[in-house]
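A closer look at the structure
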Amino acid sequence: MYYFDHSATTPINPLVLELMTEVQKNTYGNPSSIHSAGREAKIIIEKARQEIANAINAEPFQIYFTSGGTESNNHVLWSLVSIKNAHIITNVIEHPAILKVLEYLEPHGLKNTLINVDKNGLVNLKDLESQITKETRLVSIMFANNEIGTIQPLRKINKIIKGKNILFHTDAVQCLGKIKVDVKELDVDFLSLSAHKFHGPKGIGILYVKNKKDISSLIIGGSQEGGLRGGTENVASIAGAGLAAKLSVKNLKENSKKLKDLKTFFIKELISFFPKIIINGDLIDSLPGLVNISFPGFRSDILLAKLDRVNIAVSSGTACGAGDVKPSPVLSAIGLDIKLNLSSLRFSFGSTNTMAEVKILLKELKIILNI
Amino acid sequence: MSRIVVGLSGGVDSAVSASLLLEQGYDVEAIFMKNWEDDSEYCTVEQDYKDALQVCDILKIPLRSVNFAKEYWDKVFQHFLEEYKLGRTPNPDILCNSEIKFKEFLQYSIELGAKKIATGHYVRTKNINGETQLLKGLDPNKDQSYFLHTLNQNQLSQSLFPIGTLDKSEVRIHAEKKGFTNFNKKDSVGICFIGERNFKDFLKKYIPAKPGFIIDELSNVIGQHDGLMYHTIGQRKGLRIGGGNGQSTDAWYVLDKDIENNQLIVGQGIKNTRLYKKNLNASSIHWINNRKPEVDQLSAKIRYRAADSLCTITALSKTKITIHFEKPQFAIAKGQSVVFYNNEVCLGGAIITSSY
């Protein structure tokens, strides 16, 4: 399998798997129990919490474990429902884990404004500024887009909202291990992560919360996770998430450079035999390993199927329940017409990819594109 | 061996079709078509997809999906609505075959490198003198040639129907032996995108209903209807006419629709002569081999479940024909298709415009 779909999910790091297997096997205690088996489990969780905190320059008490990026986002948004007339500003190319939630919460009294993006996917800052009202309680702008890789100017956004009593959330699910994620530097109030995007296990996410007073509980029950999320912890997955975070930031610079090199090489070679391609998103403010490309005159679902036949995994548009390809709202938002939209593929490289693999991808694309 | 793309619906018929092709040595790939976007509880697409996935897992063949919802909406559903607005009874499944399954899906599969496509329809094909004939499926209860009569030579010659020689029960046995979880899945009935939901509620979402009067043959007003589009000729249920209104205790039937006056004309008893017509006019004529047939024994069906009935054809013009049946036909509905046969060979058909 030649896997170039790391923005969908990543293969688990073998060291992470090893740790998880060991924890799952040996540490069966309930972290809330007072006996030694319970304490042992508790220690594992707190160690992981420290590892996550270290990875994003936070304090351990600011780290909350969730079931994934979607839950982390939901947690922040649901938290505002109890505030009367609360208003949220976000943008049109957010993940459905933001947009669908806001759509759902609207009849429950949570107002929202969606800011447009330019042709590269960058949020219009003037628009954002002009949409702030005295009821605006939260601005939620993703760190990097999952489909086109565009990195948003979070620090500039922060300057705009500073001193206005507005909380700032960012969905950074695509970022850890690829670009620097430093909550102090970004100065955000909330930040969402998902372990399976950085070679950790699926089903475990992280929510960074700067001040606990700014958020309410999502899952009511036991007193786990500071009472914000009741329920016995997924000890092995939490351990895995902690180690995965630690490993993914350890070699951030080299990793990032490797991903960038793979992407640069891929684009350069692709253009050399198929110059008609269109690159969607920002070339500079972009995730190192991700590129979204339109192939004019080709259907993305056909390209996907033909690549799948030779064991190459890439992705297109928005995946949904029945595996069919639909036009991507993100690509529409940056101005692609429906035809070009349905001619687009996302290639997302990972740290385990090699140059040789990218060459195979190029060779197969050449055949499929009939050149 | 050449590559065949099977349209897998999640049902047992297409699943067994894929399995049979594999046994015949073909290189088989499966595609799940999504032709309708619907989040309602009636939409079975997710379960259907899971069933298809399970089948492909057993058969070890790849399953991919394609979305033709826009094409279906533009080419099939719009026409369906237009026809209902005009008070006719269209057959969208026939249009879906000629416009989506055997056009969009066929083109798509060829583009994917398929030699031919295959579906789980109960029909057969036969090559004679360079022509491809469409034959009825061997299971008399399941024969689906009625729905495929608008296909042309190009479409038929690129299509395989692996279960056309089987009975439904044989298909289910094959599926059970293979371990397909859908082996006893209920047959889909009615119009695919409406599914199990109430037809009236569904239609109401798209076409404003115009209530009007129900009159008997002597123009006495005996009830009210919610909209002519909810009714079709020969319909007996759902008229809500009280028993005391009639001359007898016989059931009421829809005899005709007066579109101009928005009135539904009803009469009593299944033997009412206005329910039976021997002649009909039809347009949108299609002959599978491109020629008007010259056969001794021409018969036709006026709806899917009707029996074949002997008839003759006179051409009114290039685009219009009149069909004369030997015996009167029950409840000929405008908008339905009349499909012609010479014994087991399906010759083509046309759309009914009027009857007398």
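Residues numbered from 1 in each chain as written. Chains lettered and ligands numbered in written order. Predicted model: local features only at pLDDT ≥ 70, side-chain atom pairs only at ≥ 80, totals over all residues.

Take the overall build of chain B next. Scanning chain B from terminus to terminus reveals eight helices and 17 strands. At 22 Å, chain B has a C-alpha radius of gyration in line with the 21 Å of a compact globule built from 356 residues. If one aligns the C-alpha atoms of chain B with their principal axes, the spans along those axes are about 70 × 50 × 35 Å. Here chain B holds 356 residues, and 40% of them are scored as buried. Sequence-distant contacts, at least 24 apart, represent 64% of the contacts inside chain B between residues at least 6 apart. (Helix = DSSP H or I, 4+ residues; strand = E, 2+ residues; numbered from the N terminus. Rg over C-alpha atoms; globule rule 2.2 N^0.38 Å. Buried ≥ 20, exposed ≤ 12 C-beta atoms within 10 Å, placed from the backbone. Contact = placed C-beta atoms within 7 Å.)

Counting its regular elements, chain A contains 13 helices and 12 strands. Whereas a compact globule of 371 residues would reach a radius of gyration of roughly 21 Å, chain A reaches 21 Å, a difference of no more than 12%. Overall size of chain A, expressed as C-alpha extent along the three principal axes, is 65 × 50 × 35 Å. When the 371 residues of chain A are sorted by exposure, 49% land in the buried category.

What follows covers the nonpolar core. Ranked by size, the top nonpolar core spans 185 residues in total, and within it Tyr208 of chain A together with Leu8 of chain B carry the most contacts. Element by element, the count of residues in this core is highest for helix α8 (residues 235–250) of chain A, at 10 residues. Residues within four places of Leu8 of chain B in sequence aside, it is in contact with Ser14, Ala15, Ala18, Ala30, Ile31, Phe32, Ala52, Val55 and Leu63 of chain B. (Core = buried A, V, L, I, M, F, W, Y, C linked by C-beta atoms within 7 Å.)

Now for the domain arrangement of chain A. Residues and elements named next belong to chain A. Its domain assignment divides chain A into domain 1 (2–9 + 252–368) and domain 2 (14–250). Of note, the centres of domain 1 and domain 2, computed from C-alpha atoms alone, are 27 Å apart. Broken down by secondary-structure element, the contributors of at least two residues to the side of domain 1 that touches domain 2 are α9 (252–273), β10 (290–294) and α11 (329–333). If one sorts the elements of the side of domain 1 that touches domain 2 by residue count, α9 sits on top with four residues. The residue inventory of the side of domain 1 that touches domain 2, partitioned by class, reads nine nonpolar, 11 polar and three charged. (Domains from an automatic or database assignment. Nonpolar A, V, L, I, M, F, W, Y, C, P; charged D, E, K, R; others polar.)

Moving on, we get to helix α7 (residues 168–178) of chain B. Residue and element names in this part refer to chain B. Listing the buried residues of α7 in full gives Val171, His174 and Ala175. Taken down its axis, α7 places every buried residue within 100 degrees of arc, on the same side. Exposed positions of α7 whose direction lies more than 90 degrees from the buried face are Ser169 and Lys177. Each element contacted by the buried residues of α7 is listed here: α1 (12–23). (Arc of directions from axis to C-beta.)

Turning to the sheet that holds β10 of chain A, a few remarks are in order. Residues and elements named next belong to chain A. Strand order in the open sheet made by the three strands is β9-β10-β12, with antiparallel pairing throughout. Unpaired on one side and paired on the other, β9 (278–280) and β12 (344–348) mark the two borders of the sheet. When the angles between neighbouring strand axes are averaged without regard to direction, this sheet yields 30 degrees. Judged from the five bridges that link them, β10 and β12 form a sheet pairing that is antiparallel. Across the sheet, the residue bridging to Ile293 is Leu345, located in β12. (Pairing = 2+ DSSP bridges. Axes fitted to C-alpha atoms, helices over the stretch in contact; angles between N-to-C directions.)

This part takes up the sheet that holds strand β7 (residues 159–160) of chain B. All names here are of chain B. In spatial order, the strands read β3-β2-β1-β4-β7; together these five strands make up an open sheet with parallel pairing. Edge strands, defined here as strands with exactly one partner in the open sheet, are β3 (63–67) and β7. The sheet contact formed by strand β1 (residues 3–7) and strand β2 (residues 27–34) spans five bridges and is parallel. The partner of Val5 across the bridge, within β2, is Glu29.

This paragraph deals with the pairing of strand β2 (residues 63–66) of chain A. Residues and elements named next belong to chain A. Neither face of β2 is left uncovered, since the one carrying Ile63 and Phe65 and the one carrying Tyr64 and Thr66 both have all their residues buried. In the sheet, β2 pairs with strand β8 (residues 205–209) via four bridges, with the strands oriented antiparallel. Residue pairing for β8: Tyr64 is matched across the bridge by Leu207.

This part takes up the interface of chain B and chain A. Listed per partner, the contact involves 12 residues of chain B and 10 residues of chain A. Counting only elements with at least two residues in the side of chain B that touches chain A, the list comes to β2, α2 (45–59) and β3 of chain B. Looking at the side of chain B that touches chain A element by element, the count peaks at four residues for β3 of chain B. Here the residues of the side of chain B that touches chain A sort into six nonpolar, two polar and four charged.

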